[in-house]
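Report on the structure
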Amino acid sequence: MTKMLDDYALMSPLRHTNNWLKIGLVFFGILMGVSSTSPVVPFLIALCMGVATVLIAKMPLKDYLKMLSAPASFVILSVIIIAFFFGGGRELFGFDIFSYRVGINIEGLEMAFLVFSRTLGGMTCLFFLALTTPMVELFAVLKKSRLPDSFIEVSMMMYRYIFVFLEVALSIKYAQTVRLGYKDLRTSLNSLAMLASTLFLRSWEQGEKIFVSMNARCYDGKMAFYEETRPLKASEALLTLCYVSVIVAVWYISNGVGGRW
């Protein structure tokens, strides 16, 4: 990916929406998806969040699908394992391996489908928040939530320097590659060890520089966070109310009346 999540968040039209509203929508979607015993609700949440991210937040569809594909590969592997080794009932498909029967039962397939829907709904909710809200503003929200200052500051520095050291690691690896540092297994392991040790030393040096620079600026143990006040608009409140009402109604119908799908 040529762009980071924060790059998309900074360019998103939804960046100027009330942060508490977006966080509330995400937590609401995750809670309703996880508590649902039917895959209909998580799939509906995933559809709504995906449409909001692509159409309203102006996220390119190709990049959005590429982001979803990374965690989706792990989800699909887990779903296959659940389908084959969990549940009971009538067998839909099966085969023998060394006199051991391996197959997909109807309950296992239902469980796998439900897990997949819940995971997809949760992923789209989290991507919606990450692609519409810069991390700096999320840290300001956490600060206002009365979380410990030390926890927020350490988290902020970790997030900031992940990308700094990632860029350093990529530049070192590129320099090693053009010098045939990965031509075979032995050379690759040696180059990887050198990269890790160099990156560790760079991290240590950068930490000392940050400590000195912060003390030079009269750091007293607390960081100031700027949070722009964004009042809730009537259109946003109405759209949110419609979304919540639809999800709650579908959740009640699929779980309360139908019980199981």
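Starting from 1, residues in each chain are numbered consecutively following that chain's sequence as written. Totals for whole chains, interfaces and linings use all residues, but because this is a predicted model, local features are given only for residues with pLDDT of at least 70 and pairs of side-chain atoms are given and counted only at 80 or more. For side-chain calculations, the full set of non-hydrogen atoms in the structure is used, while hydrogens and water are omitted.

1. A closer look at the overall build of the chain
Here is the rule we go by: Starting at the N terminus, helices and strands are each numbered in turn, a helix being any DSSP run of H or I of at least four residues and a strand any DSSP run of E of at least two. Exposed residues in this analysis have more than 50% of their type's maximum accessible area, buried residues have under 20%, and partly exposed residues fall in between, with area computed by a 1.4 Å probe over protein chains only. The contact rule is simple, with two residues in contact once any of their heavy atoms fall within 4.5 Å. Per-residue accessibility takes into account occlusion by the displayed protein chains alone, with areas from the Shrake-Rupley method and a 1.4 Å probe.
The number of helices and strands found in the chain is 9 helices and 2 strands. Secondary structure of the chain in N-to-C order comes out as α-α-α-α-β-β-α-α-α-α-α. Of all 261 residues assigned to the chain, the portion counted as buried reaches 33%. For the chain, the share of sequence-separated contacts (at least 6 apart) that also reach a separation of at least 24 residues comes to 71%. When the accessible area of the chain is evaluated, it comes to approximately 16600 Å², of which 71% is carbon and sulfur surface.

2. Comments concerning the pattern of salt bridges
One side chain can pair with another of opposite charge once the charged atoms of both are near each other. Which entries qualify depends on this criterion: Put simply, a salt bridge is a Lys or Arg side-chain nitrogen that is within 4 Å of an Asp or Glu carboxyl oxygen.
By the definition in use, this model includes 1 salt bridge. For Arg15, the salt bridge is made with Glu137, and the minimal N-O distance between the two is 3.3 Å. Of this pair, Arg15 sits in the loop between helix H1 (5-11) and helix H2 (19-35) while Glu137 sits in helix H6 (residues 135-144), and the two are 122 residues apart along the sequence. What makes Glu137 buried here is its relative accessible area of 11%.

3. Some points on a nonpolar patch on the surface
Definition in use: Exposure above 30% relative accessible area and the absence of a salt bridge qualify a residue for a patch, where like charges join within 9 Å and nonpolar side chains (Val, Leu, Ile, Met, Phe, Trp, Tyr) within 5 Å.
The grouping of Leu47, Val51, Leu55, Ile56 and Leu239 at the surface amounts to a nonpolar patch, some 470 Å² of accessible area in total. Residue contributions to the nonpolar patch peak at 4 residues, all from helix H3 (residues 40-56). With respect to the helices, strands and loops of the structure, Ile56 is situated in helix H3. A relative accessible area of 39% places Ile56 in the partly exposed class.

4. Some thoughts on the confidence of the model for the chain
Heads up, the condition is: In predicted models, pLDDT denotes the confidence assigned by the predictor to each residue on a 0 to 100 scale.
Here the chain shows a mean pLDDT of 81. Residues at 70 or above account for 86%. Ranking the helices and strands of the chain by mean pLDDT puts H3 first, with 92, and strand E1 (residues 91-97) last, with 64.

5. Examining the nonpolar core
To keep things clear, this is the line we draw: Nonpolar core, defined: a set of buried Ala, Val, Leu, Ile, Met, Phe, Trp, Tyr and Cys residues in which side-chain atoms within 4.5 Å join the residues together.
Ile45, Met49, Phe128, Tyr243 and Ile247 are the most contacted members of the largest nonpolar core, which totals 19 residues. Put simply, the parts of the chain that give this core at least two residues each are H2, H3, helix H5 (106-130), H6 and helix H9 (234-257). With near-sequence residues (within four places) excluded, Ile247 lies in contact with Phe28, Met32, Val41, Leu44 and Ile45. Of all hydrophobic cores here, the second largest spans 9 residues; its members include Val54, Met59, Leu68 and Phe127.

6. Considerations on the side chain of Thr124
With respect to the helices and strands, Thr124 occurs in helix H5. On the accessibility criterion, Thr124 (2% relative accessible area) is buried. Residues within four places of Thr124 in sequence aside, it is in contact with Ile45, Ala46, Met49, Tyr64 and Leu68.

7. Quick word on the environment of Ile30
For Ile30, the position within the fold is in helix H2. For Ile30, a relative accessible area of 28% corresponds to the partly exposed category. Spatially, the C-alpha atoms of Ile30 and Thr119 are 9.2 Å apart, while their sequence positions differ by 89 residues.

8. With respect to the packing of helix H4 (residues 61-85) against H5
This is how it is decided: To get an axis, a line is fitted to the C-alpha atoms, and for a helix only the part in contact is used. The angle between two axes follows their N-to-C directions and goes from 0 to 180 degrees. Throughout, the term roughly parallel applies to angles under 35 degrees, roughly antiparallel to angles over 145, roughly perpendicular to angles from 65 to 115, and oblique to all others. Less than a right angle of anticlockwise turn of the near helix away from the far helix marks a crossing as left-handed, whereas a clockwise turn marks it as right-handed. Note that Gly is not counted as nonpolar here; it falls among the polar residues with everything else outside the nonpolar set of Ala, Val, Leu, Ile, Met, Phe, Trp, Tyr, Cys and Pro and the charged set of Asp, Glu, Lys and Arg.
Interhelical geometry of H4 versus H5 gives an angle of 155 degrees and a closest axis separation of 10 Å. Relative to H5, H4 is oriented roughly antiparallel. Both H4 and H5 take part in a crossing whose hand is right-handed. Facing Tyr64, Met67, Leu68, Pro71, Ala72, Val75, Val79, Ile82 and Ala83 of H4, the residues of H5 in contact are Gly108, Met111, Ala112, Val115, Phe116, Thr119, Met123, Thr124 and Phe127. Its residues placed into classes, the contact of H4 with H5 shows 15 nonpolar, 3 polar and no charged.

9. With respect to unusual backbone geometry
In terms of backbone geometry, most residues other than glycine have negative phi values and most peptide bonds are trans. One non-glycine residue, Lys58, lies in positive phi territory at about 60 degrees. Position of Lys58 relative to the elements: it lies in the loop between H3 and H4. Phi at Leu180 takes a positive value of approximately 60 degrees, unusual for a residue other than glycine. Structurally, the position occupied by Leu180 is in the loop between helix H7 (149-178) and helix H8 (185-216). Exposure remark for Leu180: the relative accessible area of 57% places this residue in the exposed category.

10. Quick word on the packing of aromatic side chains
Test applied: Only rings of Phe, Tyr and Trp enter the pairing, Trp through its six-membered ring, and a pair is recorded when the two centres are within 6.5 Å. The plane angle decides the type: under 30 degrees is stacked, over 60 is edge-to-face, the rest tilted.
Per the counting criterion, the structure on display carries 4 aromatic pairs. With a centroid separation of 5.3 Å and an interplanar angle of 55 degrees, the aromatic rings of Phe43 and Phe113 are classed as tilted. One end of the pair, Phe43, is in helix H3; the other, Phe113, is in helix H5, with 70 residues separating them in the sequence. For Phe43, a relative accessible area of 26% corresponds to the partly exposed category. Here Phe113 falls in the partly exposed class, since its relative accessible area comes to 37%. Ring centres 6.2 Å apart and planes at 55 degrees place the aromatic pair Phe43 and Phe116 in the tilted group. Here Phe43, found in helix H3, pairs with Phe116, found in helix H5; they are 73 residues apart in sequence, far enough to count as distant.

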